[in-house]
Structures are given as C-alpha cells and as structure tokens.
Amino acid sequence: MKYCPVCKIEYSNNAEFCKKCEAKLQEKEDRLKEVKTDYKRLIKMCAYTVGFIIFIMLLYYVFFQVAS
C-alpha cells in the first residue's frame, strides 16, 4: 500500500503520484520501527543537568545568601 506524505491519502500499489497534490507516493510500512535508546548518553545528560542545577544553586547561595 502506498500513501501521499503530504495529504496522507492511501493509494494502490501501482500508483506513483498523488492525484490531489501530485507528490511522489511512498511505501507504507505496516510494522513499527524499533527505536534504540542510548541509555549511556541519557544518563550522562541527566548527570550534566543535575550538576548544572547544583552549580546554579551554589552560585545563588554564595551571591545572595552569604552577601547579606
């Protein structure tokens, strides 16, 4: 089964172009694509984010709490 990526209309397998917008039709995949998650990168980015938040809190404490 083919479909138009612009109009999202389904066509038969022998059609090449959309009748409405004349875009080239694409093959429709019935199965879901497997998504691979990079957990090492995710944990690394979470650690950087937590470290940045702690750094900002430390700066706030130094400049606003200690100064007063």
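Structural data are supplied above this passage.
Report on the accompanying structure. If you're wondering where the values come from, they're calculated on a predicted model, not measured in any experiment. (Residues numbered from 1 in each chain as written. Predicted model: local features only at pLDDT ≥ 70, side-chain atom pairs only at ≥ 80, totals over all residues. Heavy atoms only, no water.)

**Some words on the overall build of the protein chain**
From N to C terminus, the protein chain includes one helix and three strands. Mapped in sequence order, the helices and strands of the protein chain form the string β-β-β-α. At 26 Å, the protein chain has a C-alpha radius of gyration far larger than the 11 Å of a compact globule built from 68 residues. For the protein chain, the proportion of its 68 residues judged to be buried stands at 10%. Here the analysis covers contacts within the protein chain between residues at least 6 apart in sequence; of these, 16% occur between residues at least 24 apart. Summed over all atoms, the accessible surface of the protein chain reaches about 6,700 Å², with 63% contributed by carbon and sulfur. One way to put it: in the protein chain the 12 positive side-chain charges average out to a point 6 Å from where the 8 negative ones average out. (Helix = DSSP H or I, 4+ residues; strand = E, 2+ residues; numbered from the N terminus. Rg over C-alpha atoms; globule rule 2.2 N^0.38 Å. Buried < 20%, exposed > 50% of the residue type's maximum accessible area, 1.4 Å probe, protein only. Contact = heavy atoms within 4.5 Å. Areas by Shrake-Rupley, 256 points an atom, 1.4 Å probe, with all protein chains shown as cover. Lys, Arg positive; Asp, Glu negative; His and termini not counted. Charge placed at Lys NZ, Arg CZ, Asp CG, Glu CD.)

**Topic: the sheet that holds strand β1 (residues 2–3)**
Strands sit in the order β2-β1-β3 across an open sheet of three strands; the sheet is antiparallel. Pairing within the sheet leaves two strands with one partner each, and these edge strands are β2 (10–11) and β3 (26–27). The pairing of β1 with β3 spans two bridges and is antiparallel. Looking across to β3, one finds that Tyr3 is bridged to Gln26. (Pairing = 2+ DSSP bridges.)

**Remarks on the pattern of salt bridges**
Counting across every chain of the model gives two salt bridges. Among the ionic pairs, Glu16 bridges to Lys2, the shortest N-O distance being 3.3 Å. Here Lys2 lies in strand β1 and Glu16 lies in the loop between β2 and β3, a separation of 14 residues in the sequence. Since its relative accessible area comes to 9%, Lys2 is described here as buried. Ionic pairing is found between Glu16 and Lys24, a salt bridge with its closest N-O pair at 3.7 Å. We classify Glu16 as partly exposed; its relative accessible area is 39%. Overlapping salt bridges, with partners in common, bring together Lys2, Glu16 and Lys24 in one network. (Salt bridge = Lys/Arg side-chain N within 4 Å of Asp/Glu carboxyl O.)

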